[in-house]
Amino acid sequence: MTSIDLDAYLELATSIAREAASIVADGAGRAREHVGTKSTLTDMVTEVDHASEELIVRRIREARPEDGIIGEEGSSREGTSGATWVIDPLDGTTNFLYGFPAFAVSIAVEVGGEAVVGVVHDVSRDEVFAAAKGRGATLDGRPIETSGKRDLETALVATGFGYAPERRRRQAALVAEVLPSVRDIRRAGSAALDLCWVACGRLDGYFEQGIQHWDWGAGTLIVAEAGGRTGWVAGDSELLELPVLVAAAAPLYEPLTDLLSQSCD
Ligand code: IPD
Ligand code: CA
């Protein structure tokens, strides 16, 4: 992809995310209407998730009809251009329903399976996190960087939980292993924002098992472009049923992945 394309994709992703964020903000007052469930009773979806995804898909198809799409609410389609949009129209749906201020629109563009553009729009704070490959990461247009933390004992680490009870049992067991070794744990309820908060140093690290592509598509690029590291911890122990995504300030990445691997042995 040429640099001109990268600029155009970043601008397009940012403007689509802004428009979707305003749909989410407008829907906040009637959030508890028309709530359905997906994988389990705890996994909720609202008409706002659908309206946001519809808008995002419409805008992508108007501007880039040949691009592929992977969307949380089911609008995935193959493309022919080599570029694929990975979208979470409302990350943090439970928070949105409760008015707990941590929910966002997350949009990534991938080429050859690698993210080249990522935008996460925090609806409550109206903050825009963005990154383009090789260009660094920004918050509201200003460069951001990870905390530079290296010691686990003083690291503030976030995590998240899926919706299936069995998975949650494993996730809770992993948290029980990690908690005594770190400064503290946070569970804000939006993986996309957790990643952005690692990118700007509000958190030192983040891990979550069994996370979906649309949750991490934009945020992992934003962390990497802010100087952090991301990757996966996998293994064949019972606790590691699914790989664990890890994102952290670069010096903290290995201590955190070592701790997670040891906790699963
Ligand atoms: C969820 C949030 C949450 C994470 C879950 C995700 P959703 O996304 O990102 O923080 O722990 O794994 O499924 O369902 O609100 O879009
Ligand atoms: Ca999500």
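Structure: see above.
Scope of this entry: the structure provided in the associated data block.

Cut-off values and rules
Numbering of residues starts from 1 in each chain and follows the order in which that chain's sequence is written. Chain letters start at A and ligand numbers start at 1, both assigned in the order the entries are written. With pLDDT at 70 or above as the cut-off, local features in this predicted model cover only qualifying residues; side-chain atom pairs require 80 or more to be listed or tallied, and sums for whole chains, interfaces and linings still use all residues. As a rule here, side-chain values come from all non-hydrogen atoms in the structure, and water together with hydrogens is ignored. Throughout, near means a residue has at least one heavy atom within 4 Å of the molecule or strand. Here a polar contact is taken to be a pair of N or O atoms separated by no more than 3.5 Å, where protein atoms must pair a possible hydrogen donor with a possible acceptor and residues adjacent in sequence count only if both atoms sit in side chains. Values of accessible area rely on a 1.4 Å probe in the Shrake-Rupley scheme; residue burial ignores everything except the protein chains shown. Helix numbering and strand numbering both begin at the N terminus, where a helix is a DSSP run of H or I of at least 4 residues and a strand a DSSP run of E of at least 2. By the convention used here, residues are in contact when the closest approach between their heavy atoms is within 4.5 Å. For this document, the term salt bridge refers to a Lys or Arg side-chain nitrogen within 4 Å of an Asp or Glu carboxyl oxygen. When a residue's accessible area, from a 1.4 Å probe over protein chains only, is under 20% of the maximum for its type it is buried; when over 50% it is exposed; and in between it is partly exposed. Here is the rule: rings of Phe, Tyr and Trp (six-membered ring for Trp) pair when centre to centre is within 6.5 Å. Planes less than 30 degrees apart are stacked, more than 60 are edge-to-face, and the remainder are tilted. Paired strands, in this sense, are two strands between which DSSP finds at least two bridges.

### Regarding the site of ligand 1
Around ligand 1 lies a shell of 15 residues, among which Asp 91, Gly 92, Tyr 163, Ala 191 and Glu 208 are the nearest. A distance of 2.7 Å separates an oxygen atom of ligand 1 from a polar backbone atom of Gly 92. Interatomic distance of 2.9 Å between a backbone N/O atom of Thr 93 and an oxygen atom of ligand 1. Here ligand 1 loses 95% of its free accessible area of 380 Å² to cover by the protein chains. Of all the elements, strand S4 (residues 83-91) adds the most residues to the shell around ligand 1, at 3 residues.

### With respect to the side chain of Glu 127
For Glu 127, the position within the fold is in strand S7 (residues 127-132). Sequence-distant contacts of Glu 127, that is, excluding residues within four places in its chain, are made with Val 120, His 121, Asp 122, Leu 139, Asp 140 and Arg 202.

### Quick look at the pattern of salt bridges
The tally for this structure, following the rule as stated, stands at 10 salt bridges. Close ionic contact of Glu 19 with Arg 59 constitutes a salt bridge, the shortest N to O distance being 2.7 Å. Of this pair, Glu 19 sits in helix H1 (residues 3-27) while Arg 59 sits in helix H2 (residues 47-63), placing them 40 residues apart in sequence. Its relative accessible area of 24% is what places Arg 59 among the partly exposed residues. One salt bridge in this structure joins Arg 186 and Asp 184, with 3.3 Å as the shortest N-O distance.

### Observations concerning the packing of aromatic side chains
In this structure the tally under the stated criterion is 3 aromatic pairs. Between Phe 96 and Phe 103 the ring centres are 5.4 Å apart and the planes differ by 80°, which places this aromatic pair in the edge-to-face class. Under the relative-accessibility criterion, Phe 96 is labelled buried at 2%. Where Trp 216 meets Trp 232, the ring centres are 5.6 Å apart and the plane angle is 80°; that geometry is what we call edge-to-face. With Trp 216 in helix H6 (residues 213-225) and Trp 232 in strand S13 (residues 229-233), this pair connects stretches of sequence that are 16 residues apart.

### Things to note about the pairing of strand S6 (residues 114-122)
In terms of burial, S6 is largely enclosed, as 8 of its 9 residues are buried. Across 8 bridges, the pairing between strand S5 (residues 104-111) and S6 is antiparallel. Each residue of the ladder has a partner; that of Val 111, found in S6, is Glu 114. Counted between consecutive antiparallel strands, the loop separating S5 from S6 contains 2 residues, among which Gly 112 sits at a positive phi close to 60°. Pairing of S6 with S7 involves 6 bridges; the strand directions are antiparallel. Looking at the pairing, Val 119 lines up with Ala 130 of S7.

### Considering the pairing of S7
For a regular strand, side-chain orientation follows a simple rule: the groups alternate between the two sheet faces. Counting buried positions along S7 yields 6 of 6 residues, so the element is predominantly enclosed. Burial along S7 is two-sided: the residues Glu 127, Phe 129 and Ala 131 and Val 128, Ala 130 and Ala 132 are all buried. Joining the antiparallel neighbours S6 and S7 is a turn of 4 residues, in which Asp 126 adopts a positive phi near 50°. The antiparallel hairpin formed by S7 and strand S8 (residues 137-139) contains 4 residues in its connecting segment, where Gly 134 sits at a positive phi of about 80°.

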